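Descriptive analysis of the structure
Next come the chains, spelled out residue by residue.
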Amino acid sequence: MPELVPGRLVLSELMAWAGTPGLELVLDESFRPKIAAAEQVVARAAAADTPTYGVNTGFGRLAHTRISPAEVEELQKRLVLSHMCGVGQPLDDVVVRLVLILKAASLAHGHSGVRPGTVHALLNLLRHDALPVVPAKGSVGASGDLAPLAHLSGALIGEGEIRLAGERLPARLALERIGMAPLVLGPKEGLALLNGTQVSTALAIHGWWQAQLLLDTALVAGALTVDAAKGSDTPFDPRIHRLRNQTGQGIMAAKLAKLLQGSEIRESHRFGDDRVQDPYCLRCQPQVMGACWDLLSDAAGILEREANGVSDNPLVFPEDGEILSGGNFHAEPVALAADRIALALAEIGAIAERRIALLIDPGFSLLPAFLTPAPGLNSGFMIAQVTAAALQMENKHLASPVGVESLPTSANQEDHVSMATYAARRLMEMNENLAHLLAVELMAACQGIEFRRPLRSSPPLEAAMGIVRDISPKLEDDRMLGPEIAALADAVLAGRLAGA
C-alpha cells in the first residue's frame, strides 16, 4: 500500500497514483502529531478575542468583520457554499485524483490547522474513487484555486456532486453509499480546503506529463522523417553538441543518433549523395528539441517543489504558537511553469509540421509528390499536412503567455492574480493538438520509408513503424485518413510511440 509522505512527492509517482482508480494511499503516521499541534493553535485562536483572519473573521474585504465563537462552524460552511461558483465541463478523473492527493499532502504538513480526520477524509474519497465533480472554469489562481477547490470541499460536506462508479450523484448520497458521513468543518478548515494551488498544479503536472510523452514521440517521428527523406545523421554527432554546452541539446542529439543507429537506409546514401546539408527541420532537431527539453525540465522542478509545499493562508506555526497571514496561495510559479510547457509544445509542433511539409515536397524529400504512388489521380498526404498546419496555428496562439495576465478581484483586495488555472488547463488542448500533428508526421514518415524498401530503417524505428502500421496501413490509393489520425493520436497520448 503506497504511503503519502508530504515533502517527498515525485512527479512520476504522482501521475502513477492519479491514474489508479481506488487508490489506497496511507498517510505517513509521523505527520499526525504535526497536524494535531496546528489544530490546537487554531482552536485557541477561534476561542480568543483577538481577531485572526479566516478563523474568527470574514474573508477578503470582509476581513474586518468579527465572527463570534458560536458562528465559527457556520462561517466555514458558508465560505465553501459561497465559493462553489465554478462553471464548464468537469475536470478529468486523473486530474481530480491528483488534486485530492496534493490537497491531502499540503494539509498534512501541519501548517494549515485542520484536523487529522479532514486529511483522511480526502484519502477516503480516493480509496473509494468517489471523485468530486469539479467544474474546470472559475479560478484566477489567487487566492488559490478558490472556486474549483470549493466544489472539491463541498463534496466532503455533502454538497454538490460526486462521480462514483461512473455515476454522477448528489454528494450526500454518494457519501452514504461509501459509508462516509458528511464532514462538519472545524475552525479554519473551510478556508484551508479552499486556499491553495492544487488545481492549477494538478493541471500543470498532467500537462507536463503528456508533454514529456509527446517530446519523446516527436524524436521518434523526427528520426523516421530523417530516414524517409534520406537525411544525414552527422548533425547528431556528439562532438558538435559538446561545443554548444547545452544540456538538453546533447541529450536529444544522443537519442536521435541512437534511434537511427543500424539503419540500412542511412548506409545506402552515405556515399554518392551530392547533398551537403539537410534543411533545418532535420538538421537542427537537437537544438530545437533540446531547448524544449530544457523548458520542460525547468517546469518539472517548479511543479515538484509546488507539490511538496504548503499554499494555504493563513499559515499555522505550532512551534511559535502563531498564525501568520501571507500570500502562498498566489500561483505565479505554476502559471509561469505552465507557460514554459506551452512554449515547448508549440516549438515541438512547429518543427514537426515543417518536417511533414518537407516530406510531401519532392524537391526536398526526393519522394513522390504528396507521398502517393500516383500523384494527380491521388492527393495522398496533401490535406493531412493542411490539418497539421491548422493544429500548429492553434498551438502557436495558445502558447501566448498567460502568467503575465491579471484582472483584480474581490473589490481590489486581490488586485494581482496569476491566471495559473487557465495557463495550466490550456495545456490539455495543446497536447491534444500536438498528438494529432505528430500522428500525421508518423504516418507520412512511414509512408516515405515504404518508398525506400527493400531497405530497412533501424530496429527501434522499424518497431515504431509496426505500431503505426497496426493503426494506419500503407497508403496506396486515397482513403479517409481522419479516423486513422485520431486513433494514432490516442496511441501517442498513451505513450505507445514514446517507448521507442
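See the structure printed just above.
Every residue gets a number counted from 1 within its own chain, in the order that chain's sequence is written. Only residues with pLDDT of at least 70 get local features here, since the model is predicted, and only at 80 or more are side-chain atom pairs given and counted; chain-wide, interface and lining totals rely on the full set of residues. The basis for the side-chain values is all heavy atoms of the structure; hydrogens and waters are excluded.

Side note on the overall build of the chain
What the chain contains, in helices and strands, is 20 helices and nine strands. On the principal axes, the C-alpha backbone points of the chain span a range of 90 × 50 × 45 Å. Throughout, exposure labels follow a simple rule: accessible area from a 1.4 Å probe, protein chains only, divided by the maximum for the residue type, with under 20% read as buried, over 50% as exposed, and the rest as partly exposed. Burial status across the chain gives 55% buried among its 500 residues. Long-range pairs, those at least 24 residues apart, make up 79% of the contacts in the chain with a sequence separation of at least 6. Under this rule, positive means Lys or Arg and negative means Asp or Glu; His and the chain ends count for nothing. The atoms used to mark charge sites are NZ of Lys, CZ of Arg, CG of Asp and CD of Glu. Positive and negative side-chain charges of the chain, numbering 42 and 56 respectively, have mean locations separated by a distance of 3 Å. Secondary structure follows DSSP: runs of H or I at least 4 residues long count as helices, runs of E at least 2 residues long count as strands, and numbering of each begins at the N terminus. The contact criterion used is simple: two residues touch if any of their non-hydrogen atoms lie within 4.5 Å.

Quick look at the pairing of strand β7 (residues 167–170)
For two strands to be treated as a pair, DSSP must find no fewer than two bridges joining them. Alignment of strand β6 (residues 161–164) against β7, held across four bridges, turns out to be antiparallel. Residue R163 lies in a different strand from β7, and its bridge partner there is R168.

Points about unusual backbone geometry
In this structure, S143 follows A142 across a cis peptide bond, with omega equal to 5 degrees. Tracing the backbone shows S143 in the loop between β5 (135–137) and α6 (146–156). Following R453, the chain continues to P454 via a peptide bond in cis, the omega torsion being 15 degrees. Mapped onto the elements, P454 comes out in the loop between α18 (420–450) and α19 (459–471). Positioned with a positive phi, F370 is a non-glycine residue whose angle comes to about 60 degrees. Among the secondary structure elements, F370 is positioned in the loop between α16 (362–365) and α17 (382–398). One non-glycine residue, N412, adopts positive backbone phi at about 70 degrees. Its place among the elements puts N412 in the loop between α17 and α18.

Digging into the packing of aromatic side chains
Working definition: rings of Phe, Tyr and Trp (its six-membered ring) pair if their centres are within 6.5 Å, and the pair is stacked with planes under 30 degrees apart, edge-to-face with planes over 60 apart, and tilted otherwise. Within the structure shown, the criterion is met by one aromatic pair. A centroid spacing of 6.0 Å and a plane angle of 55 degrees characterise the contact between W208 and W209, whose relative ring orientation is tilted. A residue is classified by how much of its surface remains accessible, and W209, at 31% relative accessible area, is partly exposed.

Here we look at the pattern of salt bridges
We define a salt bridge as a contact between a side-chain nitrogen of Lys or Arg and a carboxyl oxygen of Asp or Glu at a distance within 4 Å. Per the stated rule, a full pass over the model turns up 23 salt bridges. Note that R340 and D298 form a salt bridge whose closest N and O atoms lie 2.7 Å from each other. A residue pair is termed long-range when its members are at least 10 positions apart, and R340 in helix α15 (residues 332–360) and D298 in helix α14 (residues 285–307) qualify at 42 residues. Using a relative accessible area of 24% as the deciding quantity, one classes R340 as partly exposed. One salt-bridge network, in which partners are shared between bridges, spans D233, R266, E267 and R270.

Section: the environment of S263
Within the secondary structure layout, S263 lies in the loop between α11 (247–260) and α12 (264–268). Classification of S263 by relative accessible area gives buried; the value is 2%. When the C-alpha positions of S263 and R456 are compared, they lie 6.4 Å apart, and in sequence the two are 193 residues distant. Ignoring sequence-local partners within four residues, the contact set of S263 consists of D227, R456, S457 and S458.

Some remarks on the layout of surface pockets
Any residue with an atom within 4 Å of a point lines the site, the site being either a cavity, points on a 1 Å grid over the protein atoms alone where a 1.4 Å probe fits but cannot get out, or a pocket, an open set with protein on both sides within 12 Å along at least 5 of 7 lines. Grid points are joined across faces, edges and corners, and a volume is the space filled by probe spheres set on the points. For the second largest pocket, the calculated volume is near 220 Å³. Taken together, 14 residues make up the lining of the second largest pocket; nearest its centre are S232, R266, R275, V276 and D278. Charged residues are taken to be Asp, Glu, Lys and Arg, nonpolar residues to be Ala, Val, Leu, Ile, Met, Phe, Trp, Tyr, Cys and Pro, and polar residues to be all remaining types, Gly included. For the lining of the second largest pocket, the per-class residue count stands at two nonpolar, five polar and seven charged.

A look at the side chain of T118
Looking at where T118 falls in the secondary structure, it is placed in helix α5 (residues 116–127). Owing to a relative accessible area of 0%, T118 belongs among the buried residues under this scheme. Only 2.6 Å separates the side chain of T118 from the side chain of E189, close enough to count as a polar contact. Residue contacts for T118: discarding those within four places in its chain leaves L183, E189 and L193. For the purposes of these results, a polar contact is taken to be a pair of N or O atoms within 3.5 Å, where, inside protein, one atom must be able to donate a hydrogen and its partner to accept one; residues adjacent in sequence count only when each atom of the pair is a side-chain atom.

What about the nonpolar core?
Among the buried residues, those of types Ala, Val, Leu, Ile, Met, Phe, Trp, Tyr and Cys that are joined through side-chain atoms within 4.5 Å form a nonpolar core. Core analysis: the largest hydrophobic core is formed by 154 residues, its most contacted members being L4, L14, I205, I341 and F381. Other than its neighbours up to four places away in sequence, L4 contacts L9, W17, L25, V26, L27, D28, I101, A104, A105 and L123. Counting seven residues, the second-largest nonpolar core is a separate cluster that includes V41, A45, A46 and V316.

Concerning the sheet that holds β7
Spatially, three strands are ordered β4-β6-β7 in an open sheet, and the strand pairing comes out antiparallel. At either margin of the open sheet sits one strand with a lone partner, and together these are β4 (131–132) and β7.

What to know about a nonpolar patch on the surface
Like-charged residues within 9 Å of one another, or nonpolar side chains (Val, Leu, Ile, Met, Phe, Trp, Tyr) within 5 Å, are grouped into patches, provided each residue has over 30% relative accessible area and no salt bridge. Note on areas: Shrake-Rupley, 1.4 Å probe, and residue coverage restricted to the protein chains presented here. A grouping of M382, I383 and V386 is seen on the molecular surface, where their side chains present a nonpolar patch of about 240 Å² in accessible area. Counting through the fold element by element, V386 comes out in helix α17. Exposure remark for V386: the relative accessible area of 43% places this residue in the partly exposed category.

Some details on a negative patch on the surface
Together, E394, E429, E432 and D490 give the surface a local cluster of negative charge. Position of E429 relative to the elements: it lies in helix α18. Residue classification places E429 among the partly exposed residues on the basis of a relative accessible area of 40%.

Observations regarding the environment of V417
Looking at the element boundaries, V417 is found in the loop between α17 and α18. With a relative accessible area of 0%, V417 lands in the buried category. Excluding residues within four positions of it along the chain, V417 makes contact with V140, A142, H330, E332, E405, S406, L407 and T409.

Structural notes on α5
For α5, built from twelve residues, the straight-helix expectation of 16 Å at 1.5 Å per residue is met to within 8% by its first-to-last C-alpha distance of 17 Å. Across the twelve residues of α5, nine count as buried, placing the element largely inside the fold. Those residues of α5 lying buried are P116, T118, V119, A121, L122, L123, N124, L125 and L126. Count one or two residues on from α5 and you reach D129, which has phi positive near 50 degrees. Expected helix span is taken as 1.5 Å per residue step, with the number of steps being one fewer than the number of residues.

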